[in-house]
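The residues making up each chain are set out below.
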2 protein chains.
Amino acid sequence: MTTPPLLAGVFAPVVTPFTRDLGVDRPRFSAFCRWLVKEGAGLAIFGTNSEANSLTLAERLGALDRLLGDGIDPAKMMPGTGCCSIDETVTLTAKAVQAGCAGALMLPPFFYKGVSDDGLYAYYSHVIERVGSSALRVYLYHIPQVSGVAISHDLIERLIQDYPTTVVGIKDSSGDWNNTKAMLQRFPGFAVFPASEALLSKALPLGAAGCISATANIQPRAIAQLIAQFGTTEGPPLQQQVTTVRTLMQRYPMIAALKHVIAVNASEESWRTVRPPLTKLPAAQGEELLKQLDEVGFSMTGLQAQEA
Amino acid sequence: MTTPPLLAGVFAPVVTPFTRDLGVDRPRFSAFCRWLVKEGAGLAIFGTNSEANSLTLAERLGALDRLLGDGIDPAKMMPGTGCCSIDETVTLTAKAVQAGCAGALMLPPFFYKGVSDDGLYAYYSHVIERVGSSALRVYLYHIPQVSGVAISHDLIERLIQDYPTTVVGIKDSSGDWNNTKAMLQRFPGFAVFPASEALLSKALPLGAAGCISATANIQPRAIAQLIAQFGTTEGPPLQQQVTTVRTLMQRYPMIAALKHVIAVNASEESWRTVRPPLTKLPAAQGEELLKQLDEVGFSMTGLQAQEA
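These numbers come from a predicted model, not from an experiment.

Enquirer: Before we go on, may I ask you to explain the relation of the copies chain A and chain B in this structure?
Expert: Two copies of a chain can be linked by a rotation about an axis combined with a shift along that same axis. Between chain A and chain B, which share one sequence, the superposing operator has a rotation angle of 180° and an axial displacement of 0.0 Å; the RMSD is 0.0 Å. In symmetry terms, the pair is related by a two-fold rotation axis. Same-surface contact between copies: 100% of interface residues of chain A are shared with the interface of chain B.

Rendered as structure tokens:
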């Protein structure tokens, strides 16, 4: 196995298409991943926005196999692999490494709250030791408002010290810029991904690796362009454009809203399906959202062709 | 399949013994369940105190099989079956029903926070419809401080209305007496289990079914006696006795402390093992706890003989 390079750029926590009876729509999933890659995004499949924790372990393993079988490049993939149990995390992570995925985005175990850094360190180190591969690249996943379990800077430091070539980055979904900034300053060379393209102008000059953002599902190309053209005169208008769309989307329940926008642009109603406990975007909200996106000149192109 | 009666009495959310290398110690698990039943407790295996979410789905299915194979009575069992994904919840719940378990204690999906009652209703109703058995008895599991997802009274009402012979009770681990009381008053005939024996004197007169309490792992007989002798002159001193032990245990991280007490009483050091992200009770705290339990006259008997 070759050593994956540090990842950078824009990653979409890929929303997972379901059939009307709630199964994973694997052909549509492959088509959507293909479109995202074509538009310049990497694939953070099995993230929060992917409803990954509403999938079974077997579904995640099967869906990854299908993507690989359909020719989606594992070098573009950073699957989410963190489960509450060490063994399930090991199973998924080992699979990702074996498949050649560039990295694994790893939630802490999220059932117990108020756990110690020692306990979280033990969890991550058990996973790393048991996967036991020099090709493993772990990106930690800090999303305390959902997981209920924060990843402290002291924990990061300890993991980097003990696993310097394995624990190589973090996705910071806290939405707390001071946290992102402090990590960028304290851990030079560590791949820090804020979870919003709206932060790129502040984060890139401090060395951020890019972003892993929900709304990269619908505006991957614009975000990729912003990163590529950062520092040129194209930067500020692109930043404004992507931030406008991001801000607008945040007024709605994100996953349902993303799926609504994709459903309309792919002309496929089943794309609106979410798994309980999430609920579809109500039709009235969907119309309002589309009108607002239209007003700011938002468009998604090529999706229908990709799925055909 | 016969219809299980409504459960009542004291249930232990059975702590799960691990081997030193973190595997489930199945023989010890069976022995401990046998001891709990002999002492008068029912078996709420795979609960929060069981570290159930630190087990894989396969481990839970396998451990249940082993208990059944070892002759533990499924009529005494109320396994925890609620996972984040509907399919995994269905798999575990169907297994429990097929095994003849008296009930299933069902967490809501606990990854996403701020989800709607509509979404939670859809989750539970999908599970119930897909298990599709008149022998299924669901006990909801309200533990918002850990799961991050509360079960509202309106949701309970809707589930009772639509599934009156299936959704039959709830474990209230909120620690909020006003919540327990309000449910007892609003849902007569619904089996409400507070999560602490300290509340029995207040809850039993209002119709509580019993309790499902962490500390039932170490004082099952005393709690069973309190319930049996409630309203007699034996009641108040028994209530004081069990509350004293409960209050004392609550000063420590509960799961690690329970396992420490059992390890000492079973003369088996490996009982202290917990899975990350939890950590063992530090030795000094363990000594202090044992001294305090000793001072209040606490004892656990027969455990070693059962395991021999």
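There's more to say after this.
Enquirer: Honestly, unusual backbone geometry in this entry has me stumped. Any pointers?
Expert: The bulk of non-glycine residues show a negative phi, and the bulk of peptide bonds are trans. Residues and elements named next belong to chain A. Across the junction of P276 and P277, the peptide omega takes the value 15°, indicating a cis bond. Inspection of the secondary structure assignment puts P277 in the loop between α11 (254-266) and α12 (283-295). Positive phi is not limited to glycine here, since F46 has a value of about 65°. Within the secondary structure, F46 is located in the loop between β2 (42-43) and α2 (57-69). Residue F46 is classed as buried on the basis of its relative accessible area of 4%. One non-glycine residue with positive phi stands out, namely E51, at about 55°. Along the chain, E51 turns up in the loop between β2 and α2. Given a relative accessible area of 0%, E51 falls into the buried group.

Enquirer: It is not clear to me how the sheet that holds strand β1 (residues 9-12) of chain A should be interpreted in this structure. Could you clarify?
Expert: Strands belonging to one sheet form pairs held by backbone hydrogen bonds; the direction of such a pair is parallel or antiparallel. Residue and element names in this part refer to chain A. Read from one edge to the other, the open sheet built from three strands follows the order β2-β1-β7, with strand pairing classed as parallel. Single-partner strands in this sheet number two, and they are β2 and β7 (210-212). The pairing of β1 with β2 spans two bridges and is parallel. Of the residues in β2, the one forming a bridge with F11 is G42. Seen against the sheet, helix α9 (residues 220-228) touches β1 and β7 and runs at an angle of roughly 160° to β1.

Enquirer: Explain the pairing of strand β5 (residues 167-172) of chain B here, please?
Expert: Each regular strand shows side chains that alternate between the opposite faces of the sheet. Residue and element names in this part refer to chain B. Of all six residues that make up β5, six are buried, and the element is covered over most of its length. Strand direction decides the pairing type here: strand β4 (residues 138-142) and β5, joined by five bridges, are parallel. Across the sheet, L140 pairs through a bridge with I170, a residue of β5. Across four bridges, β5 lies against strand β6 (residues 191-194) in parallel orientation.

Enquirer: I tried to follow α12(A) on my own but got confused; where do I start?
Expert: Every α-helix carries 3.6 residues per turn, so stepping three or four residues along brings you back to the same face. Residues and elements named next belong to chain A. With 13 residues, α12 ought to run about 18 Å at 1.5 Å a step, and its terminal C-alpha atoms sit 18 Å apart, in line with that. Residues of α12 that are buried: G286, L289, Q292 and L293. Along the long axis of α12, the arc covered by the buried residues comes to 130°, so they all point the same way. Exposed residues pointing more than 90 degrees away from the buried face of α12 are listed as A284, E287, K291, D294 and E295. After α12 finishes, the residue G297 shows a positive phi value of roughly 80°.

Enquirer: How should I be thinking about empty space enclosed by the protein in this particular structure?
Expert: Over the atoms rolls a probe the size of a water molecule, and its path tells where empty space is left. Within the structure shown, the criterion is met by five cavities of 30 Å³ or more. By volume, the largest cavity amounts to about 210 Å³. Surrounding the largest cavity, 18 residues form its lining, C84(A), E88(A), C83(B), C84(B) and E88(B) being those nearest its centre. Only α2 of chain A together with α2 (57-69) of chain B provide two or more residues apiece to the lining of the largest cavity. Approximately 70 Å³ is the volume attributed to the second largest cavity. Around the second largest cavity sit 13 residues that line it, and F46(A), G47(A), N53(A), G80(A) and L107(A) are the ones nearest its centre. Classifying every residue of the lining of the second largest cavity by side-chain character gives six nonpolar, six polar and one charged.

Enquirer: Sorry, what's going on with helix α7 (residues 177-186) of chain B here?
Expert: Residues and elements named next belong to chain B. Listing the buried residues of α7 in full gives W177, N179, T180, M183 and L184. Each buried residue of α7 sits inside an arc of 165° when the element is viewed along its axis, so together they form one side. Among the exposed residues of α7, those oriented more than 90 degrees off its buried face are N178 and Q185. Residues of α7 that are buried in the fold lie against β4, α6 (153-162), β5, β6 and α8 (200-203). Its side-chain oxygen 3.0 Å from the backbone nitrogen of N178, D176 forms the N-cap of α7.

Enquirer: How should I be thinking about the sheet that holds strand β3 (residues 104-106) of chain B in this particular structure?
Expert: Residue and element names in this part refer to chain B. Taking strand neighbours across the sheet as the criterion, the four strands line up as β3-β4-β5-β6 in an open arrangement whose pairing is parallel. Bordering the open sheet on either side are β3 and β6, each of which pairs with just one other strand. Here the average twist between neighbouring strands, direction ignored, is 25°.

Cut-off values and rules
Residues numbered from 1 in each chain as written. Chains lettered and ligands numbered in written order. Predicted model: local features only at pLDDT ≥ 70, side-chain atom pairs only at ≥ 80, totals over all residues. Heavy atoms only, no water. Least-squares fit on C-alpha atoms with pLDDT ≥ 70 in both. Contact = heavy atoms within 4.5 Å. Helix = DSSP H or I, 4+ residues; strand = E, 2+ residues; numbered from the N terminus. Buried < 20%, exposed > 50% of the residue type's maximum accessible area, 1.4 Å probe, protein only. Pairing = 2+ DSSP bridges. Axes fitted to C-alpha atoms, helices over the stretch in contact; angles between N-to-C directions. Expected span 1.5 Å × (residues − 1). Arc of directions from axis to C-beta. 1 Å grid on protein atoms, 1.4 Å probe; cavity = no way out; pocket = protein on both sides within 12 Å on 5 of 7 lines; lining within 4 Å. Points joined across faces, edges and corners; volume = space filled by probe spheres on them. Nonpolar A, V, L, I, M, F, W, Y, C, P; charged D, E, K, R; others polar. Polar contact = N/O pair within 3.5 Å; in protein donor to acceptor, adjacent residues only side chain to side chain.

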